[in-house]
Amino acid sequence: MTYAAIKGWGKCLPPAILSNDDLATFLETNDEWITSRTGMKERRISHVDVSQLAYVACEKALAAAGKDAKDVDLIVFGSTTFDELCPNAASNVQQLLGASNAACMDVNTACTSGMYSLTTATAMIKSGVVKSALVIGAEVISPIMDWNNRDVAVLFGDGAAALYIEASDESEGVLSESLGCFGESRDILAVQGWGMKYANKSRVLGDSTWAFLGQEIFKKAVAGMAQGCMKTLEKLNFTAQDIDLVVPHQANLRIIDSLAKKLSLNKDDVFINIQRYGNMSAATALVAFVEAIEEGRVSPNSHVLIPAFGGGLTWSAHIIKFGDRTSPKNQSNVELPPCSLSGLELVQNIIKSKKSDNL
Ligand SMILES: CC(C)(COP(=O)(O)OP(=O)(O)OC[C@H]1O[C@@H](n2cnc3c(N)ncnc32)[C@H](O)[C@@H]1OP(=O)(O)O)[C@@H](O)C(=O)NCCC(=O)NCCS
């Protein structure tokens, strides 16, 4: 049997930080409310587009695997904030990397996009369609955010991560997964104004209305991730005790705590980085996974469980068996262009440009 082993990993977080106190300078909110309700302290705001973040993350993943861009057969780009719909974003990454042998596709399942991309690429390797793939979860939400809406503006940030996976005879990579969607609840997490339905309806691009029913999403998130985890464990005849580390989608610390309680997880076995980045949608789970590897939380040959959920309402859960190498083969020195503005200045510029568009 062929597996799809994870051989390389990388992330790219834009340098500009937007703190809770920064948000409180233009929204009726405060650090205490955001910290106690969500666990978030700060998030990143990107000065470049999402393909650029993805490209840097891919360079790092290739270096960690000791591979050249020409070795890549497939690029799957998971996101909700593609720079353009045609041509797709994966082809932009192919061009930036010089990965001229790669097929290129975009996947959008909102916050679960990185994980659905991992399933897509893994399945294509297991079935023999390709031998290797770069899997991307990346998001630049800040330009489309409704910065006047405190219900959502405090929750999100920008970032990217990538995995390099390749065919292997060893039992590694994604061993089991469950995917699903609560389509009947799709309207409780919606961004109106973002998509072709709104074209030629005198709406400025980026002038979006974020229609989120926070408490309803909260309940569905816990239910979807718990259901996904149970199904995924059952497929391997595992219990939660067989899992070495849980790396959940990071949308709210209280959602993660509720999930941990429901599955009787030991808190020390749950990886948390929400305080640093907030929710980066498609990038969240993969950035957390990459950081868990970098911080030595993923042991050789260990089992990692990654539950996620997002708009749709899509949900997923993956059990990954890591290989025996948890340190990168090489380091890439590719970096983002420098950013001279603070996170707050970048956001102020977005707010100003939206106002002038609407004049
Ligand atoms: C959004 C969320 C943090 C709100 O937490 P909550 O405990 O449910 O808070 P509530 O909705 O009860 O709001 C409590 C109060 O805080 C207010 N509030 C909302 N955002 C606020 C902010 N940023 N700062 C201060 N007060 C805020 C509300 O207006 C409400 O005021 P009221 O009691 O006077 O009506 C939480 O529901 C959540 O994380 N939901 C899921 C988020 C999500 O959709 N993530 C993306 C999915 S991938």
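Residues numbered from 1 in each chain as written. Predicted model: local features only at pLDDT ≥ 70, side-chain atom pairs only at ≥ 80, totals over all residues. Heavy atoms only, no water.

**So, the overall build of the protein chain**
The cut-off we apply is this: The helix count covers DSSP runs of H or I at least four residues long, the strand count covers runs of E at least two residues long, and both are numbered beginning at the N terminus. The atom set for the radius of gyration is the C-alpha atoms, and the globule formula is 2.2 Å times the number of residues raised to the power 0.38. A 1.4 Å probe rolled over the protein chains alone gives each residue an accessible area, and that area as a share of the maximum for its type sets the label: buried under 20%, exposed over 50%, partly exposed in between. Residue contacts are defined here by distance: any two heavy atoms, one from each residue, within 4.5 Å place the two residues in contact. Note that accessible areas follow from Shrake-Rupley with a 1.4 Å probe, and for residues the cover is restricted to the protein chains shown. Within this scheme the basic residues Lys and Arg register as positive and the acidic residues Asp and Glu register as negative, but His and the chain ends are omitted. Think of each charge as sitting on NZ of Lys, CZ of Arg, CG of Asp or CD of Glu.
Scanning the protein chain from N- to C-terminus turns up eleven helices and 13 strands. In terms of overall size, the protein chain behaves like a compact globule, its C-alpha atoms giving a radius of gyration of 19 Å where 359 residues would be expected to give roughly 21 Å. Considered along the principal axes of its C-alpha atoms, the protein chain spans approximately 60 × 45 × 35 Å. Considering the protein chain as a whole, with its 359 residues, one finds that 56% of them fall into the buried category. In the protein chain, the share of contacts with a sequence separation of at least 24, taken over all contacts with a separation of at least 6, comes to 79%. Total accessible area computed for the protein chain in this model is approximately 15,000 Å², and 49% of it derives from carbon and sulfur atoms. Of the charged side chains in the protein chain, 32 are positive and 40 negative, and the gap between their average positions amounts to 4 Å.

**Points about the site of the ligand**
Here is the rule: Proximity criterion: a residue is near a molecule or strand once any of its heavy atoms comes within 4 Å of it. Here a polar contact means two N or O atoms within 3.5 Å. Within protein one must be a hydrogen donor candidate and the other an acceptor candidate, and residues neighboring in sequence count only if both atoms are side-chain atoms. For this classification, Asp, Glu, Lys and Arg are treated as charged, while Ala, Val, Leu, Ile, Met, Phe, Trp, Tyr, Cys and Pro are nonpolar and the rest, including Gly, are polar.
The full set close to the ligand counts 21 residues, and Thr29, Arg37, Gln215, Asn252 and Arg254 are the nearest of them. Contact distances for the ligand include 2.6 Å between a nitrogen atom and a side-chain N or O atom of Thr29. Within the side chain of Gln215, an N or O atom sits 2.6 Å from an oxygen atom of the ligand. When the ligand sits alone it has 980 Å² of accessible area, and the protein chains cover 74% of it. Broken down by secondary-structure element, the contributors of at least two residues to the shell around the ligand are α2 (31-38), α6 (150-153) and α7 (214-235). Its residues assigned to classes, the shell around the ligand comprises nine nonpolar, seven polar and five charged.

**What to know about the nonpolar core**
Where we set the bar: Put simply, a nonpolar core is a bunch of buried Ala, Val, Leu, Ile, Met, Phe, Trp, Tyr and Cys residues held in one set by side-chain atoms that sit within 4.5 Å of each other.
The biggest cluster of nonpolar side chains holds 53 residues, and the ones touching the most others in it are Met145, Trp147, Trp210, Phe212, Ile255 and Phe309. Contacts of Phe212, omitting those with residues within four sequence positions, involve Val152, Phe156, Ile188, Leu189, Ala190, Val191 and Ile217. Residues Ile6, Leu74, Leu163 and Val287 belong to the second largest nonpolar core, which totals 40 residues.

**Structural notes on unusual backbone geometry**
Omega for the bond connecting Cys86 with Pro87 falls within 30 degrees of zero, at 0°, which places this linkage in the cis form. Position of Pro87 relative to the elements: it lies in the loop between β4 (74-78) and α4 (89-97). In this structure, Leu313 follows Gly312 across a cis peptide bond, with omega equal to -15°. Mapped onto the fold, Leu313 is located in the loop between β12 (303-310) and β13 (314-321). A positive phi angle is found at Ala110, which is not glycine, with a value near 60°. Mapped onto the elements, Ala110 comes out in the loop between β5 (103-107) and α5 (113-126). You will see that Ser281, though not glycine, has its phi angle at about 50°, which is positive. Mapped onto the elements, Ser281 comes out in the loop between α9 (274-277) and α10 (284-294).

**Examining the packing of α7 against helix α8 (residues 253-262)**
The cut-off we apply is this: Angular values range over 0 to 180 degrees, each being the angle between N-to-C directions of two axes fitted as lines to C-alpha atoms, with helices fitted over their stretch in contact. The labels follow the angle: roughly parallel below 35 degrees, roughly antiparallel above 145, roughly perpendicular from 65 to 115, and oblique for the rest. Here is the rule for handedness: rotate from the far helix to the near one, and if that takes an anticlockwise turn smaller than a right angle the crossing is left-handed, while a clockwise turn gives right-handed.
Interaxial distance between α7 and α8 falls to 9 Å at its minimum, and their mutual angle equals 40°. Considered as vectors, α7 and α8 are oriented oblique to each other. Between α7 and α8 lies a crossing of right-handed hand. For the pair formed by α7 and α8, the contact residues are Phe218, Ala221, Val222, Met225 and Ala226 on the first element and Arg254, Ile255, Ser258, Leu259 and Lys262 on the second. Here the residues of the contact of α7 with α8 sort into seven nonpolar, one polar and two charged.

**Here's the deal with α2**
Among the residues of α2, the N-terminal cap falls to Asn30, whose side-chain oxygen and the backbone nitrogen of Glu32 are separated by 3.2 Å. Directly beyond the C-terminal end of α2, a positive phi value near 85° is found at Gly39.

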